[in-house]
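# Results of the structural survey
Below are the chains, spelled out letter by letter.
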Amino acid sequence: MDYETLMQLLASTLRLGTPLLFACLAGLFSERAGIFDIGLEGKMLMAAMASAAVAALTGSAWLGLMAGIYAAFVMAILHGIASITFRGNQLISGVALNFIASGATVLIAQAMFQQGGRTPALSGTARFSAIRLPYAEQIGAIPGLGPFYERVLSGQSILVYIALACVPLTWWVLYRTRFGLRLRAVGENPESVDTAGISVVRLRYIALVITGVLCGLAGTYMATALQAGFGREMTAGRGYIALAALIFAKWRPWQALWATMLFGFLQALALRPDVIEGVLHLSIPVPALDALPYILTVIVLAGFVGKAIGPRAGGQPYVKER
Amino acid sequence: MTKLPKWADMVLVPVISLVLAAAISAVVILLIGGDPVEAVKVMVDGALGSPYGWGYTLYYATSFIFTGLGVTVAYHAGQFNIGGEGQAQLGGLGVALVCLAFPWTHWWMALPAAMIGAALFGAAWAGIPAWLAAKRGSHIVITTIMFNYIAAALIVYLLVEVMRPTGQMDPATPRFGAGAALPGLHDLPGLNLIFTRKVPANVTFFIAILACVGVWLLLWRSRLGYEIRAFGQSDSAARYAGISSTKVIMASMLISGGLCGLMSINNVMGEAGRLLQNSSEGAGFIGIAVALMGRNHPLGVFLAALLFGFLYQGGAEMGLWTNIPIELRLLLQGLVILFTGALDNMVRMMIAPFFRGAARRNAQDRAAAGGVDGL
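What counts, and where the lines are drawn
- Residues numbered from 1 in each chain as written.
- Chains lettered and ligands numbered in written order.
- Predicted model: local features only at pLDDT ≥ 70, side-chain atom pairs only at ≥ 80, totals over all residues.
- Helix = DSSP H or I, 4+ residues; strand = E, 2+ residues; numbered from the N terminus.
- Rg over C-alpha atoms; globule rule 2.2 N^0.38 Å.
- Buried ≥ 20, exposed ≤ 12 C-beta atoms within 10 Å, placed from the backbone.
- Contact = placed C-beta atoms within 7 Å.
- Expected span 1.5 Å × (residues − 1).
- Core = buried A, V, L, I, M, F, W, Y, C linked by C-beta atoms within 7 Å.
- pLDDT = per-residue confidence, 0-100.
- Axes fitted to C-alpha atoms, helices over the stretch in contact; angles between N-to-C directions.
- Parallel < 35°, antiparallel > 145°, perpendicular 65-115°, else oblique.
- Nonpolar A, V, L, I, M, F, W, Y, C, P; charged D, E, K, R; others polar.
- Left-handed = near helix turned anticlockwise from the far one by under 90°.

### Let's talk about the overall build of chain B
Helices and strands together make up the secondary structure of chain B, namely 14 helices and 0 strands. What you see in chain B, going N to C, is helices and strands ordered as α-α-α-α-α-α-α-α-α-α-α-α-α-α. Its C-alpha radius of gyration of 22 Å places chain B within 12% of the 21 Å reference for a compact globule of 375 residues. Judged by the C-alpha coordinates and their principal axes, chain B covers about 80 × 55 × 40 Å. Taken across its 375 residues, chain B has 53% of its residues classed as buried. For chain B, restricting intrachain contacts to residue pairs at least 6 apart in sequence, the fraction spanning at least 24 positions comes to 76%.

### Concerning the overall build of chain A
Helix and strand counts for chain A stand at 14 helices and 2 strands. Relative to its length of 322 residues, chain A is compact, with a C-alpha radius of gyration of 20 Å against a globular reference of 20 Å. Here the C-alpha coordinates of chain A stretch approximately 65 × 50 × 40 Å along the principal axes. The buried share of chain A, taken over its 322 residues, is 52%. Look at the contacts in chain A between residues 6 or more apart in sequence, and 76% of them connect residues 24 or more apart.

### Digging into helix α2 (residues 40-58) of chain A
With 19 residues, α2 of chain A extends 27 Å from end C-alpha to end C-alpha; this agrees with the ideal 27 Å at 1.5 Å per step. Counting buried positions along α2 of chain A gives 17 out of 19 residues, so the element sits mostly inside the fold.

### Thoughts on the nonpolar core
Among soluble globular proteins, nonpolar side chains are generally buried collectively. One finds Cys24, Ala218 and Ala245 of chain A together with Ile65 of chain B to be the most contacted residues of the largest nonpolar core, which totals 230 residues. When residues of this core are assigned to their parent elements, the largest contribution, 15 residues, is made by helix α10 (residues 245-272) of chain B. With residues up to four places along the chain from it excluded, the contact list for Ala218 of chain A reads Pro19, Phe22, Ala23, Ala26, Met44 and Ala47 of chain A.

### A word on unusual backbone geometry
Despite not being glycine, Gln114 of chain A has its phi angle at roughly 50°, a positive value. Take Gln114 of chain A: it is sitting in the loop between α4 (90-113) and β1 (130-131). Here the phi dihedral of Glu281 of chain B falls at roughly 50°; this positive angle occurs in a residue that is not glycine. Looking at the secondary structure, you find Glu281 of chain B in the loop between α10 and α11 (283-293). C-beta crowding within 10 Å serves as the criterion here: with 16 such atoms nearby, Glu281 of chain B is assigned to the partly exposed category.

### With respect to the confidence of the model for chain B
Residues and elements named next belong to chain B. Taken residue by residue, chain B gives an average pLDDT of 90. The fraction at 70 or more is 97%. Under a pLDDT of 50 for its full length, residues 371-375 has, in the predicted model, 3 contacts with residues more than four places off or in other chains. Here the predicted complex scores 0.89 on pTM and 0.90 on ipTM.

### Here's the deal with the interface of chain B and chain A
Counting from both sides, the interface comprises 38 residues of chain B and, opposite them, 39 residues of chain A. Those elements giving two or more residues to the side of chain B that touches chain A turn out to be α5 (107-136), α6 (140-163), α13 (328-342) and α14 (344-368) of chain B.

### As for the confidence of the model for chain A
Note: predicted coordinates in regions of low pLDDT should not be interpreted at a detailed level. Looking at chain A, pLDDT values average 89 and 98% of them are 70 or higher. Per-element confidence in chain A is highest for helix α7 (residues 158-176) of chain A, whose mean pLDDT is 96, and lowest for helix α5 (residues 136-140) of chain A, whose mean pLDDT is 78.

### Comments concerning the packing of helix α3 (residues 51-76) of chain B against α10 of chain B
Residue and element names in this part refer to chain B. The N-to-C vectors of α3 and α10 enclose an angle of 170°; their axes lie 7 Å apart at closest approach. Judged by the inter-axis angle, α3 sits roughly antiparallel to α10. Between α3 and α10, the contacting residues are Tyr59, Thr62, Ser63, Phe66, Thr67, Leu69, Gly70, Val71, Val73 and Ala74 on the first element and Ser252, Met253, Ile255, Ser256, Gly257, Leu259, Cys260, Leu262, Met263, Asn266, Asn267 and Glu271 on the second. By residue class, the composition of the contact of α3 with α10 is 12 nonpolar, 9 polar and 1 charged.

### A few points about the environment of Val44 of chain B
All names here are of chain B. Position of Val44 relative to the elements: it lies in helix α2 (residues 36-48). For Val44, a count of 14 C-beta atoms within 10 Å corresponds to the partly exposed category. Distance in space between the C-alpha atoms of Val44 and Phe310 is 7.8 Å, their sequence separation being 266 residues.

### Details of the environment of Leu58 of chain B
Residues and elements named next belong to chain B. Position of Leu58 among the secondary structure elements: in helix α3. Using a count of 24 C-beta atoms within 10 Å as the deciding quantity, one classes Leu58 as buried. Apart from the residues lying within four places of it in its own chain, the contact partners of Leu58 are Ala201, Phe205 and Gly309.

### Quick notes on the environment of Tyr318 of chain A
Residues and elements named next belong to chain A. Tracing the backbone shows Tyr318 in the segment after α14 (286-301). According to the C-beta neighbour criterion, Tyr318 is partly exposed, with 18 such atoms within 10 Å. The sequence separation of Tyr318 and Ile284 amounts to 34 residues, and the corresponding C-alpha distance is 48 Å. Beyond its immediate stretch of four places on either side in the chain, Tyr318 contacts Pro190 and Val200.

### Observations regarding the packing of helix α1 (residues 3-32) of chain A against α7 of chain A
Residues and elements named next belong to chain A. Packing of α1 against α7 brings their axes to within 9 Å, and their N-to-C directions diverge by 25°. Relative to α7, α1 is oriented roughly parallel. Helix-helix and strand crossings are classified by hand; for α1 and α7 the assignment is left-handed. Listed contacts from α7 to Leu14, Thr18, Leu21, Phe22, Leu25, Leu28 and Arg32 of α1 are Leu159, Val160, Ala163, Cys166, Thr170 and Leu174. Residue composition of the contact of α1 with α7, grouped by class: 10 nonpolar, 2 polar and 1 charged.

Here it is, written out as structure tokens:
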């Protein structure tokens, strides 16, 4: 494998890892607050459809982003109503919302555009286009890390940079703010937060709103930057892979970045069977490559690479003592 | 919260959940410019209006009984098996291998062998996540979901690269021999007076009914069933009573996967006569809705499977004859899961006021009769 191919692979890794990173950070906020969210997938799908539809109608990717965030926000609130207010089963609520998203996205897209449940192909300002970072050419000439800057970091869409910026931001919110402290506490020991006179319900709803916003970004990125429009089931299990990355990262933001980029790298590899053949000198069937991220997820979950212990109060509805 | 009488919890809660889900679906149909009344008419007419429609409804219901029972058995052990879809597809692989391995001469010889193949493959596909959950503490939900994706990739590989006969374009196994074809309801003496046309519903339907009885016997009349239910109620109490958590998780998931795999004798052997890509067509996921709607009881599962068979066949007809896309089925399925599984407390709160009066009267009667209950 030559240097050029490696740069292509890494650029593709960053592109494919970005929706996973958004979704992983989304899951981080809800799970740190003690709410399991299997429904990342559905939120992303809804956001992808809403953003592509609005971007197609208005020709503005930014308005599409607003719509995507709003759609995922609504889904997050539904999850909150079921799992916080009515203390329902969080796993079942997430699964249900995923099915609702699978059905509703196609229904709405079909009703709006009559194109077999897809949205029209987006182009021009309706998509988030590539941004050239400053001095890309000059820095690219420097041997070593220069080409990495020019070919991998530069030339991505604005949403990729937002995703990368979300990592230190999440770290700061989680570990350096009062809100973050309370958020972590509510996922570990909600009674103590309640005793301190802070509303558990309110905190958990805020966490879910953040989850919704981040899933909205993930879905919008899928439909308006990574691809040009919405197609049915276009998220293809990314919400679940993000959950696995979250467990791999042990619910910490910086580790989430590395975990999602690893999964992104695997997805990038699956698209380039020629590279694998060139390096390993054996041909691997394409379905095996497709299954690779899922297999790795299983291995990660089984704790063969470090033991992961989640927030202690995760999955349990909070019942105030009477 | 007022405690509801048992019958209200078992019957009223699912029925009201269904009404809510149907109402929201009707609103969605209106919003996308369809006519809900016409949609219901098309659904009822297409699924129940003729023996031919019933033949499809019962065919789908048969698959959903198996997957619903599968989810039920795991649920009683506190395990949420979302992997029914992958287990059903692997079960289909087992059926195909058995049916292609021998030149079967009679269906009643091929059927038991195919059932064993289906159950073994389905159970094996559930067994790996179960073992990982029991021994390594993996999250059963996420692992079983991952196994759905892995199963899909595996089946694609096998159909395209290994099992496809040379010269055939579509990814599928060769057709099974005539001796491995299950008789449809139209072939059975007596029933052929009703089902005069060829229908996909076949003898598997009766096996599904037997499976309902079997699961009931297992869960409520056997030692293992007791252990499963005890573990599902409280794993710490069950462990204290000497019940092995590994045994319960493994046994319940293996049975669950076996049942999900068994559905493949209905679609792969009974209908298609060969293994196709995505043979289970989402039936594994519908099993979740069926189990929740059926309150995780075999009788409830049977009734809920009939209902979903109707919705599935009716939905297909609706997609064909109206401008409402077939994906409405997915929405309805999601809504049923949401209301019966996650918002069941809300539904209970909605109907609780109607029972508060009765509960108070009951208490007064008891108090008047001596108040022994109060002690």
